[in-house]
Amino acid sequence: MFSFPKSATALLALATLAGCASLSPDGNQTDINALTAGKTAGITAPVGRGDSAETREAVARLLAGPLNAESAVRIALLNNPGIHASMASLGISDADRVRAGTLPNPHFSIGRFVEGSKVEIERGIGFNVIGLLTLPWRASYQNQQHEVAKLQAAQEVVKLAADTRKAWINAVAAQQTASYMKDAKEAAEASGELARRLARVGNWSKLNQAREQAFVADAAAQLARSQNTAYAAREKLVRLMGLWGAQTQFTLSERLPDLPKSIADMPDIEARALRDRLDVRASVAQAGYVADNMGLTRSTGFINALDAKYSRNTTFDNATGDKEIKRGWELELPLPIFDWGGASNARAQGQYMQSVARVRETAIQARSEARESYHAWRTAHDLALHYRDEVVPLRRFINNELLLRYNGMLSSVFDLLADTRTSIAAVNASIEAQRDFWLADTDLQTTLTGTSAGMAPLAAGAAAGSSDAKGH
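Treat the numbers as computed from the prediction; the structure is a model and nothing was measured.

Draft legend 1. Focus on the overall build of the protein chain. If you tally the helices and strands in the protein chain, you get 13 helices and four strands. Put simply, the protein chain has 472 residues, and 42% of those count as buried. Long-range contacts, defined as pairs at least 24 residues apart, comprise 81% of the intrachain contacts of the protein chain with a sequence gap of at least 6. Carbon together with sulfur atoms contributes 56% to the accessible area of the protein chain, which is approximately 25700 Å² in total.

Next up, the structure:
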């Protein structure tokens, strides 16, 4: 026979299967550090959770000297407002996880009814039976969703680290280019001033003077463009690091790191991407969670609500002074007249098929991006070595030979200045090739271990620089 105490005990015992959930004591910091270990190019700085005196002091220490790539990434992880928002979203997910594992509150009701000399007091306490029965599944599902949320937050950390490193590379390369363009402008001005003096005494034609003056004007325009590019690249780095005010007056490293002497072959890049990438892991986990949720939907079907209520009614007869007490159960269950749960099951099936398709899509994309980034990385390294070991030494040799000829009065000063401009353009192209390698290196590491990296066309700047060099 159905009795309240035994049923309540069974429901409470079932509910305890969900476990006693509690908020993460460190805001999921340990989990995020574990997920991003080895995926931020060796930077293991804790992710900041907001503006604080401790964060400002740490940022100030990192900005004290010339800013290298590692310091820039540390500052971004500590100080970027966007990553603070992501960690706050993770905190919201954690709160949802705890709430999903908490017993639903019972509902208490009380009513007073008067009929002549009789007064009836009705008291009741009700429970959402479906909520109690499905508590373990709901708690498990929210735990699973929180795991996905942690994977997504880890992806944002990895992406921020990669974007900051790339911004630092671009800023330093642009700063070097602007410095060399300043040298080119000074060489052009010297050539222009000499041409003006020679034309004034009649030893140089107006046409040749105009040509030299055109070089001066072009050099000035290129310097202005390169300075603006350097300013924009620096400001992008500033935004990623979350700096403002006096903090923006930091000093960048003077040059990019040297190229590695050799690079390793990676025959297992596709397997590494599928094994280590966070977006692949997140899509696979999400598909499993959707499958579990589909099973719950099919189990409950159209029974999406079931309330049980225990009532105690006391009736007072003021005329006779009698008191009558009534106790009883009340169940509330939806009738499957219009909705038999077919639409809910179809929706769950569609969500599962969608998640499976996204797993395949993510895997295909990960494989392709791994191959593409590896090819770009090796090509960028070959190009950078080509400029460093062949193009720049060759231009230096030509410049030295012209200097000897000029000293022997076998070539003019204009030949020497024109070759100097060409050499500067070749050096700029070499800087851009070196920059492209380090950008490709960052993209490769992100693509293999983190998430999708938006890879730019390879060595576009170096190709343009090479074209400029030939033009001069």
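Next comes the rest of the description.
Draft legend 2. Inspection of the pattern of salt bridges at higher detail. The final tally for this structure, using the stated rule, is 16 salt bridges. With a shortest N-O distance of 3.0 Å, Glu369 and Arg277 are connected by a salt bridge. Remark: Arg277 occurs in the loop between helix H9 (269-276) and helix H10 (278-300) and Glu369 occurs in helix H11 (residues 342-407); sequence separation between them is 92 residues. Neither residue differs from the other here; Glu369 and Arg277 are each classed as buried. Note that Arg435 is salt-bridged to Asp436, the shortest N-O span being 3.1 Å.

Draft legend 3. View of the packing of helix H4 (residues 69-79) against helix H7 (residues 135-200). For the pair H4 and H7, the least separation of the axes is 9 Å and the interaxial angle reads 140 degrees. For the element pair H4 / H7, the angle class is oblique. By crossing handedness, the relation of H4 to H7 is classed as right-handed. Touching Ala69, Glu70, Ala72, Val73, Ala76 and Leu77 of H4 are Val157, Leu160, Ala161, Thr164, Arg165 and Trp168, all from H7. Of the residues contributing to the contact of H4 with H7, the split by class is nine nonpolar, one polar and two charged.

Draft legend 4. Structural view of the environment of Met87. Examined against the element boundaries, Met87 turns out to sit in helix H5 (residues 81-100). Exposure remark for Met87: the relative accessible area of 1% places this residue in the buried category. Once the C-alpha coordinates of Met87 and Ala149 are considered, the two residues, 62 residues apart in sequence, prove to be 9.9 Å apart.

Draft legend 5. Region of the structure containing H7. If you check H7, its first and last C-alpha atoms are 95 Å apart, about what 66 residues at 1.5 Å a residue would give, namely 98 Å. A positive phi of about 85 degrees marks Gly202, the residue just after H7.

Draft legend 6. Examining the pairing of strand E1 (residues 107-115) more closely. Where E1 and strand E2 (residues 118-128) come together, nine bridges link them in antiparallel fashion. Its bridge partner being in E2, Ser109 is matched across the sheet by Gly124. Taking the residues that link successive antiparallel strands as the turn, the E1-E2 hairpin has two residues, and the phi of Gly116 there is positive, at about 65 degrees.

Draft legend 7. Structural context of the packing of aromatic side chains. Within the structure shown, the criterion is met by two aromatic pairs. Judged by centre distance (5.9 Å) and plane angle (40 degrees), the ring pair of Tyr374 and Trp377 falls under tilted. Taken as a pair, Tyr374 and Trp377 lie in helix H11 at a separation of three residues, close to a single helical turn. If you follow Arg234 out to its NZ or CZ, it ends over the ring of Phe250, 4.1 Å from the centre.

Reading the values: the criteria
Residues numbered from 1 in each chain as written. Predicted model: local features only at pLDDT ≥ 70, side-chain atom pairs only at ≥ 80, totals over all residues. Heavy atoms only, no water. Helix = DSSP H or I, 4+ residues; strand = E, 2+ residues; numbered from the N terminus. Buried < 20%, exposed > 50% of the residue type's maximum accessible area, 1.4 Å probe, protein only. Contact = heavy atoms within 4.5 Å. Areas by Shrake-Rupley, 256 points an atom, 1.4 Å probe, with all protein chains shown as cover. Salt bridge = Lys/Arg side-chain N within 4 Å of Asp/Glu carboxyl O. Axes fitted to C-alpha atoms, helices over the stretch in contact; angles between N-to-C directions. Parallel < 35°, antiparallel > 145°, perpendicular 65-115°, else oblique. Left-handed = near helix turned anticlockwise from the far one by under 90°. Nonpolar A, V, L, I, M, F, W, Y, C, P; charged D, E, K, R; others polar. Expected span 1.5 Å × (residues − 1). Pairing = 2+ DSSP bridges. Phe/Tyr/Trp six-rings, centres within 6.5 Å; stacked < 30°, edge-to-face > 60°. Lys NZ or Arg CZ within 6 Å of the ring centre and 35° of its normal.

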